[in-house]
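Report on the structure
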Amino acid sequence: MSQALLFVAGGLAALSGARWLRAWLLLSRAKHPSLRGHARIARRVAKLLPYYAYGDGEFFAADDAPADVAARRRAAFERLGEQFRRKAPRTLAAGAALEAGLADVDFVNHYRVPFQFRERVRSAFPLGVVAKATRGRHIQDLDGNWSLDVTGAYGVNVFGYDFYKGCIDRAGDRARTLGPVLGPYHEVVVDNVARIRRIARKDQVSFHMSGTEAVMQAVRLARYHTGRSHIVRFCGAYHGWWDGVQAGVGNPRPPHEVYTLADMTEASLDVLRTRSDIACVLINPLQAMHPNGNAPSDSMLVTGARSVGYDKHAYVRWLRRLRDVCTDRGIVLIFDEVFLGFRLAIGGAQEYFGVDADLVTYGKTIGGGLPIGVVAGRAGLMKRFRDDKPTDFCFARGTFNSHPYVMTAMNEFLQHLDWPEVQATYRGIDEQWDSRAAELNRRLAERRLPVRVANMVSVWATVFTQPSRYAWMFQYYLRAAGVTMSWVGSGRFLFSHDFTEADFAEFMERFVAAAEMMAADGWWWTSAQLTEKAIKRRVLRETVAVLFGRRPATPPEGEAAVPAPVVAPPAAARVEIPRPQVVSAPGPAAAR
Ligand SMILES: Cc1ncc(COP(=O)(O)O)c(C=O)c1O
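What follows covers the nonpolar core. Nonpolar side chains in soluble globular proteins generally cluster together in the buried interior. In this structure, Met473, Phe474 and Phe507 are the most contacted members of the largest nonpolar core, which totals 129 residues. Residues contacting Met473, with those up to four places away along its chain left out, are Phe77, Leu80, Phe125, Met518 and Trp523. Counting residues in hydrophobic clusters, the runner-up holds 20 residues, among them Trp242, Val332, Ile334 and Val375.

It is worth spelling out the side chain of Ser490 at this point. Assignment of secondary structure puts Ser490 in the loop between strand 15 (483–484) and strand 16 (493–494). Take Ser490: its relative accessible area is 0%, and that puts it in the buried class. Here Arg306 takes part through its side chain, which lies 3.0 Å from a polar atom of the side chain of Ser490. Leaving out residues up to four positions away in the same chain, Ser490 has contacts with Asp298, Arg306, Ala461, Thr462, Phe464, Phe474, Gln475, Leu478 and Met485.

This paragraph deals with a positive patch on the surface. The grouping of Lys31, Arg40, Arg44 and Lys47 at the surface amounts to a positive patch. Taking the relative accessible area as the measure of exposure, Lys47 reaches 74% and is therefore exposed.

On to the sheet that holds strand 16, then. In spatial order, the strands read 13-14-16; together these three strands make up an open sheet with antiparallel pairing. The open sheet is flanked by strand 13 (451–456) and strand 16, the only strands paired with a single partner. Bridge analysis of strand 13 against strand 14 (residues 459–464) gives six bridges, and the strand direction is antiparallel. Along strand 14, the bridge assignment pairs Val451 with Phe464.

Taken together, Ser210, Gly211, Thr212, Tyr238, His239, Gly240, Asn284, Asp336, Val338, Phe339 and Lys364 form the complete shell of residues around the ligand. At 2.9 Å from an oxygen atom of the ligand is found a main-chain nitrogen or oxygen belonging to Gly211. Within the side chain of Asp336, one N or O atom sits 2.6 Å away from a nitrogen atom of the ligand. Protein burial of the ligand: of its 380 Å² of free accessible surface, 82% is covered by the chains. In terms of residue class, the shell around the ligand is built from three nonpolar, six polar and two charged.

Calculation notes
Residues numbered from 1 in each chain as written. Predicted model: local features only at pLDDT ≥ 70, side-chain atom pairs only at ≥ 80, totals over all residues. Heavy atoms only, no water. Core = buried A, V, L, I, M, F, W, Y, C linked by side-chain atoms within 4.5 Å. Buried < 20%, exposed > 50% of the residue type's maximum accessible area, 1.4 Å probe, protein only. Contact = heavy atoms within 4.5 Å. Helix = DSSP H or I, 4+ residues; strand = E, 2+ residues; numbered from the N terminus. Polar contact = N/O pair within 3.5 Å; in protein donor to acceptor, adjacent residues only side chain to side chain. Patch = residues over 30% accessible without salt bridge, like charges linked within 9 Å, V, L, I, M, F, W, Y side chains within 5 Å. Areas by Shrake-Rupley, 256 points an atom, 1.4 Å probe, with all protein chains shown as cover. Salt bridge = Lys/Arg side-chain N within 4 Å of Asp/Glu carboxyl O. Lys, Arg positive; Asp, Glu negative; His and termini not counted. Charge placed at Lys NZ, Arg CZ, Asp CG, Glu CD. Pairing = 2+ DSSP bridges. Near = heavy atom within 4 Å. Nonpolar A, V, L, I, M, F, W, Y, C, P; charged D, E, K, R; others polar.

So far we have only geometry, and geometry alone does not tell us how the molecule works.
Here's what the structure looks like:
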């Protein structure tokens, strides 16, 4: 008898072991082979990777370019730096003051170019990250210089700055009588809820203060309703900076209960089909442009290679299959439309790709220029309590949710979507932006410049057609030509949809001129030996040498980068803030 029991127990153990092994194998197969697909290993490697900087000679000839080319580059580098400093002293001084005191600025300035070049670039090309005004598609710095703005305000600016200024002005007028009342809602919330329900084709909505918070709430609801622990996100996708979704390098606390799977692969669908612990799948449709890749930042341009492209049909096929698997398995499909939302279609990515999600998050532009996060979903998923279990609820609040000023600005934005002329701008949107990109690419090819653009509607990225150690320099040529980009640099241009043909012609001219200038200055010198593989090998050799102490991390005295000029904000850069006039409210004293 006891032998039979042992036999059964052994059989069950073997069976569960085999099941575990199969699940583990399926999960391993569904991870992207890069470090991005292996968050824990990536974090460990990141901790090992040593810093080192190129000295004077290497800085201009990291690709073994001949001395005359290196000299041309050096002269150009100095000329550009001088040009930046001369043109915008007040802006640069304000930027330097911010860099010292505002951690955000210090951080982003640290990650604009590959780190080997960083210190010299930082000191030679200080960036003016302070602006005074916008007008149309242009932005003005503190020194009065206007440039073409393709930052898209991190995705907020879909309809043009002038539109959002109007939203905020009118919102202030409409909210003023109520003021910053929180608790009782401004009446406009009724209309906002109705409109978002219609747009998202969902039963309920909730308001939050940022996109990150909206994602937090969507994930929390999915876990609450499914009773399952894990979320699936796809490699490279950004969903805000919350610990719970940000896997890999950049998050000191590894997220628990998150599977990071390879995007657009059958193996990932197999994981969804076979595991029973998955509550939800998070999709950021922006990844259609670079599946499994991070945001195409210039700081990653070690070899000049950037894999960006967009195949709408392939992505639609993927989303449909994902939708089917999630439906079959009772997994909540969440579209994180915080970034793309109303850029693609009035009904967002759901409408544009023709696939319905269970929960949708919006943010950025839907706030009409003010901070916002929104979740929309089926009633059953949005509900935060159970009728039959009074103490089993899913808590979510937030002091500033549904702030009257944000709600009235949002209402301005949502009403704008009703206008026939706005709706017309979405017709043929792919063709319009694709043809603009094609025209720019035609001009670049005609001039034999090793630069092209790839796009998903009005989200564009520069790609380079030859290996180079200096592709990251392009962002500075663009800046010199009067183009303002976000932190990511030439890897992401976000055009506002009020860009006219004339604006676009101006952009093309500046873009081509920047590329021509960069070519003339020798940065794209190349040789048969300068392959992507050779560059990677060289960087690996340098890294190993630093790790084992065979190469100094900082160049020897005399070889070092130019020390950063200490720029204190001049008196002129200090902003005089007018003192408010004190108006006494009519009270008993006034009545007397
Ligand atoms: C897809 C996506 N989700 C969430 C977020 C986070 O939004 P926020 O920065 O408002 O917190 C972002 C921000 O860029 C995003 O692109």
